[in-house]
Amino acid sequence: MDREILRRLELLNQLRLTEEEKQTFLEFFNSKKSNLEALDNAVNTQNVERMVHVMPVMTVVREDVVKQPFSRDDLQRSAPETDEGYWCVPRVVE
Amino acid sequence: MKYETVIGLEVHVELATKSKIFCSCSAHSYGAEPNAHVCPACCGMPGMLPVVNKRVVDYGMKAGMMLNCHINRTTTFDKKSYYYPDLPAAYQTTQWFAPVAVNGLVEIETSKGKKSIRIKQIHMEEDAGKLVHDIREDTTHVDFNRTSVPLIEIVSQPDLSSAEEVEAYLDRLKNLLRYAKVAECEMAHGTMRCDVNLSVRPEGSDKLGVRTEMKNMNSIEAIKRAIEYETARHIDAIEHNTEVLVQETRRWDDIKGKSFAMRSKETAGDYRYFPDPNVMPVVIDDEWFNSIKASLPEFPEVKRARYINEIGLSEYDADQLIKSIAICECFESAYAECGSAKDSANWLLSECMNILNSRQMSYDMLDVDGKALGKLIKLVSEGKVGRANGKKILADMFDNRDIDPETYAKENGYIVSNDTSLIEKVAKEAIASNPRAVNDFKSGKEKAIMALFGACMKQLKGNCDPNTLKEILIAEINKI
Ligand SMILES: [Zn+2]
């Protein structure tokens, strides 16, 4: 983990880290990295099928039926701002 | 130097389900109030779990089979992360590692002949919401009605090489998916959307050039213009060093007729796909797989061959009919009702097409009850209703599917009269008020009778057998 990767992670996660936080993250990730490398060297994962879930389960599906148990007002009650049925967010285009 | 264009397409198609992909909200919000069809799941409230809509998997599989794909019998969903207010959970649930269908093949035909286009994969995913920027200047308004509406994305290999091929390919996709009744595929309605990946290289080279992705084309015409523009831009850059090509996403502006690089912030894309722990794998057992296989429609080419070889239609008629499943279905039930394939094809390809054209509707929008059309064709061919009145009834049938042609003809006075005394009376009146036409006819100008014929038909409101009328007219003239 170097500063360039950290900068990219900051951008992708929409974070702005202080210099102190950056230092903490770098130390944290670099210490974990050696753990992962140890695992990588110890276990041969070639020809092992991709594991999607810990349990060998499959999904249940539902029939294509429309239900509308929630009202818009219920859902928007916790919103900081709404307008004519819309949620309002900070403007994303100029 | 000669160049060739290398094009791959990513086509998003909205599936025609009733409810959304992971929740039971309605998937149809045309004309609905903003956020009328939302629930805690599709507006991204924490802790909500998705439940897969079976019909989405049915349709995903069916689309895969229509495009000759291999179906992954264990198919899984993954999270694609990006931050934008149209995506309330900050990730899109899509398929990355094991999409429902892979390795397909679609055959297209252009002026240069037939060509096979390879399909890389078809994956199922949820749509994003809609952002509205023009209600107020200080905020963006968010509508989640479209969020989680089911889509499939059909990803082709870079096997296309011209705007003409792209058009043929999109037409073919639309045709096949509509035959299978899994999607509407109407670009004007946003139920089919297309991103174009394009690069240019010297003809014959096997090395790919710098690739750009273009978004925001809203019609086939816009796609064709965008391809032509982008091809020219690439060639210019290579030949004249006008600019340095970089791999990027560009936005097509159809009004300016140009593509523009999207801001790097928007394209900082590193989607960090990972298996969605909230959706277990979808396992398609033999029974499920076979039931979908058995529900596939007759393919257009098979239909064409049957129309020509078994029903006896001309190649031209068959080619026209198979362009749209709506036309085929109407044709088949009309034919079953009236027993004449030729008449059924004619009524569809001329009369129905004329009405569609005059109303600026596409083939696929035909919504006439085929059985009723068959009854109408029978009424006209048996001489019970005149052809012109038959067309009037057909136009009314476009507006009202419940019209029974015979009842309607009776109620509106469209039934041909066998009352010869009435026809004779009308003929005499026409002769009396058109002496010139009568003289012309008598002096050998046979066509002159058409003026009299037309006047009589108008008087009789078209409800007269044309041959009977002609005979009576000639008989009456000869009496003079
Ligand atoms: Zn919902």
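K.L.:
For this particular structure, what's the right way to read the side chain of B:Ser259?
P.N.:
Residues and elements named next belong to chain B. Looking at the secondary structure, you find Ser-259 in strand β15 (residues 258–261). The buried category is assigned to Ser-259, whose relative accessible area is 2%. Within the structure, the side chain of Ser-259 is placed 2.8 Å from the side chain of Glu-230, a separation counted as a polar contact. Once residues within four sequence positions are removed from consideration, Ser-259 is found in contact with Met-214, Tyr-229, Glu-230, Arg-233, Arg-250, Arg-251 and Trp-252.

K.L.:
How should helix α3 (residues 220–240) of chain B be read in this particular structure?
P.N.:
Note: α-helices contain 3.6 residues per turn, so residues at a spacing of three or four share the same orientation. Residues and elements named next belong to chain B. The end-to-end C-alpha distance of α3 is 30 Å, a good match for the 30 Å that 21 residues give at a rise of 1.5 Å each. Tucked inside the fold, the buried residues of α3 contact β1 (3–14), α2 (163–179), β12 (192–202), β13 (212–217), β14 (248–253) and β15. After α3 finishes, the residue Asn-241 shows a positive phi value of roughly 50 degrees.

K.L.:
What am I meant to see in a nonpolar patch on the surface here?
P.N.:
Judged by side-chain polarity, A:Met51, A:Val54, A:Met55 and A:Val57 come together as a nonpolar surface patch covering roughly 440 Å² of accessible area. Position of A:Met51 among the secondary structure elements: in the loop between α2 (19–42) and β1 (61–62).

K.L.:
Looking at this structure, I do not really get the packing of aromatic side chains. What am I missing?
P.N.:
Pairs of aromatic rings are described using the distance from one ring centre to the other and the angle between the two planes. As enumerated under the stated definition, the model contains 10 aromatic pairs over all chains in all. Aromatic side chains A:Phe25 and A:Phe29 sit 5.9 Å apart centroid to centroid with 15 degrees between the ring planes, which places their arrangement in the stacked category. Of this pair, A:Phe25 and A:Phe29 both sit in helix α2, 4 residues apart, which is roughly one turn of the helix. By relative accessible area, A:Phe25 is classed as partly exposed at 32%. Judged by its relative accessible area of 30%, A:Phe29 falls in the partly exposed class. With centroids separated by 5.3 Å and ring planes inclined at 80 degrees, the aromatic side chains of B:Phe22 and B:Phe77 adopt a geometry described as edge-to-face. Separated by 55 residues along the polypeptide, B:Phe22 in the loop between β1 and β2 (52–53) and B:Phe77 in the loop between β4 (74–75) and β5 (78–81) bring together distant segments of the chain. Exposure remark for B:Phe77: the relative accessible area of 1% places this residue in the buried category.

K.L.:
Got a minute to help me understand the coordination of the zinc ion in this structure?
P.N.:
The reference angle at a metal is 109.5 degrees if four donors form a tetrahedron and 90 or 180 degrees if six donors form an octahedron. Residues and elements named next belong to chain B. Within the protein, the atoms that donate to the zinc ion are Cys-23 (SG), Cys-25 (SG), Cys-39 (SG) and Cys-42 (SG), at distances of 2.3 to 2.4 Å. Around the zinc ion sit 4 donor atoms, and with donor-metal-donor angles ranging over 102 to 115 degrees the site reads as tetrahedral. Each donor residue of the zinc ion belongs to the same chain, and together they define the spacing C-x1-C-x13-C-x2-C. Note that Cys-23 is positioned in the loop between β1 and β2 and Cys-39 in the loop between β1 and β2, a separation of 16 residues in sequence. Taking relative accessible area as the criterion, Cys-39 reaches 7% and is therefore assigned buried.

K.L.:
Can you help me understand the confidence of the model for chain B in this one?
P.N.:
Detailed reading of predicted coordinates is not advised where the pLDDT is low. Chain-level statistics for chain B give a pLDDT mean of 92 and a share of 99% at 70 or above. Across the assembled chains, the prediction reports ipTM 0.85 with pTM 0.86.

K.L.:
So what exactly am I meant to see when it comes to the pattern of salt bridges here?
P.N.:
Side-chain pairs of opposite charge can arise whenever the charged atoms involved come near each other. According to the stated counting rule, one finds 48 salt bridges over all chains in the structure shown. A salt bridge links A:Asp83 to B:Arg136; the nearest nitrogen and oxygen atoms lie 3.6 Å apart. Taken together, the residues span two chains, with A:Asp83 in strand β2 (residues 82–83) and B:Arg136 in the loop between β9 (130–132) and β10 (139–143). Residue A:Asp83 is classed as buried on the basis of its relative accessible area of 16%. Between B:Lys342 and B:Asp317 there is a salt bridge, with its nearest N and O atoms 2.9 Å apart. Note that B:Lys342 is positioned in helix α8 (residues 341–358) and B:Asp317 in helix α6 (residues 315–321), a separation of 25 residues in sequence. By relative accessible area, B:Asp317 is classed as buried at 7%. Here the salt bridges share partners, and the residues they tie into one network are B:Glu230, B:Arg233, B:Glu243, B:Glu248 and B:Arg250.

K.L.:
Looking at this structure, how should I read the layout of surface pockets?
P.N.:
The probe, sized like a water molecule, is rolled over the atoms to show the empty space still left. All names here are of chain B. Taken as a whole, the second largest pocket encloses approximately 970 Å³ of empty space. Lining the second largest pocket are 31 residues, and of these Asp-171, Arg-172, Asn-175, Glu-301 and Lys-323 lie nearest its centre. Of the residues assigned to the lining of the second largest pocket, the class counts are 10 nonpolar, 7 polar and 14 charged. Inspection of the lining of the second largest pocket shows a minimum of three residues originating in each of domain 1 (3–287) and domain 2 (298–411).

K.L.:
For this particular structure, what's the right way to read the interface of chain A and chain B?
P.N.:
Accessible area lost upon the coming together of the parts is a frequently used measure of interface size. Taken together, the contact pairs 37 residues of chain A with 58 residues of chain B. When the buried surface of chain A facing chain B is broken down by residue, A:Arg62, A:Asp64 and A:Tyr86 rank first, second and third, together holding 18% of it. The interface formed by chain A and chain B holds 4 salt bridges in total. The partner of A:Glu81 in a salt bridge is B:Arg136, and the shortest N-O contact between them spans 2.7 Å. It is strand β3 (residues 86–90) of chain A that provides the largest number of residues to the side of chain A that touches chain B, a total of 5 residues. Of the residues belonging to the side of chain A that touches chain B, the class tally is 18 nonpolar, 7 polar and 12 charged. Where β1(A) meets β2(B), 2 bridges bridge the pair, whose relative direction is parallel. Along β2(B), the bridge assignment pairs A:Arg62 with B:Asn53.

How each quantity is defined
- Sequence order as written defines the numbering, with residues in each chain counted from 1.
- Labels follow written order: the first chain is A, the first ligand is 1, and so on.
- In keeping with the predicted nature of the model, local features appear solely for residues at pLDDT of at least 70, side-chain atom pairs appear and are counted solely at 80 or more, and the whole-chain, interface and lining totals rest on all residues.
- Here the side-chain values reflect all heavy atoms present in the structure, with hydrogen atoms and water set aside.
- Strands here are runs of E lasting at least two residues and helices are runs of H or I lasting at least four, both read from the DSSP assignment and numbered beginning at the N terminus.
- For every residue, the accessible area obtained with a 1.4 Å probe (protein chains only) is divided by the maximum for its type, and the residue is called buried under 20%, exposed over 50%, and partly exposed between those limits.
- For the purposes of these results, a polar contact is taken to be a pair of N or O atoms within 3.5 Å, where, inside protein, one atom must be able to donate a hydrogen and its partner to accept one; residues adjacent in sequence count only when each atom of the pair is a side-chain atom.
- The contact rule is simple, with two residues in contact once any of their heavy atoms fall within 4.5 Å.
- Between the first and last residue of a helix there are one fewer steps than residues, each counted as 1.5 Å, and that sum is the expected span.
- Patches draw on residues past 30% relative accessible area with no salt bridge. Two like charges within 9 Å are joined, as are two nonpolar side chains (Val, Leu, Ile, Met, Phe, Trp, Tyr) within 5 Å.
- Note on areas: these come from Shrake-Rupley sampling with a 1.4 Å probe, and a residue is covered only by the protein chains present in the view.
- Definition used for salt bridges: Asp or Glu carboxyl oxygen within 4 Å of a side-chain nitrogen of Lys or Arg.
- For Phe, Tyr and Trp, rings pair up if their centres lie within 6.5 Å, where Trp contributes its six-membered ring, and each pair is then called stacked (planes under 30 degrees apart), edge-to-face (over 60) or tilted (otherwise).
- Only N, O and S atoms count as donors, using a 2.8 Å limit from the metal and a wider 3.2 Å limit for Na, K and Ca, and since water is excluded some coordination spheres may look unfilled.
- Under the classification used here, a metal with four donors is tetrahedral if each angle lies between 85 and 135 degrees, square planar if opposite donors are over 155 degrees apart and the others between 65 and 115, a six-donor metal meeting that same test is octahedral, and anything else is irregular.
- Residue-level confidence of the predictor, termed pLDDT, takes values from 0 up to 100.
- Grid points spaced at 1 Å and placed over the protein atoms alone form the basis of the search, with a cavity being a set where a 1.4 Å probe fits but cannot get out and a pocket an open set showing protein on both sides within 12 Å along at least five of seven lines. Lining residues have an atom within 4 Å of a point.
- Grid points are joined across faces, edges and corners, and a volume is the space filled by probe spheres set on the points.
- Polarity classes work like this: nonpolar for Ala, Val, Leu, Ile, Met, Phe, Trp, Tyr, Cys and Pro, charged for Asp, Glu, Lys and Arg, and polar for all others, with Gly in that last group.
- An automatic or database domain assignment supplies the residue ranges for each domain.
- Once two parts are brought into contact, the accessible area they lose, counted with a 1.4 Å probe and summed over both, makes up the buried area.
- Strands are labelled as partners when DSSP assigns at least two bridges between them.

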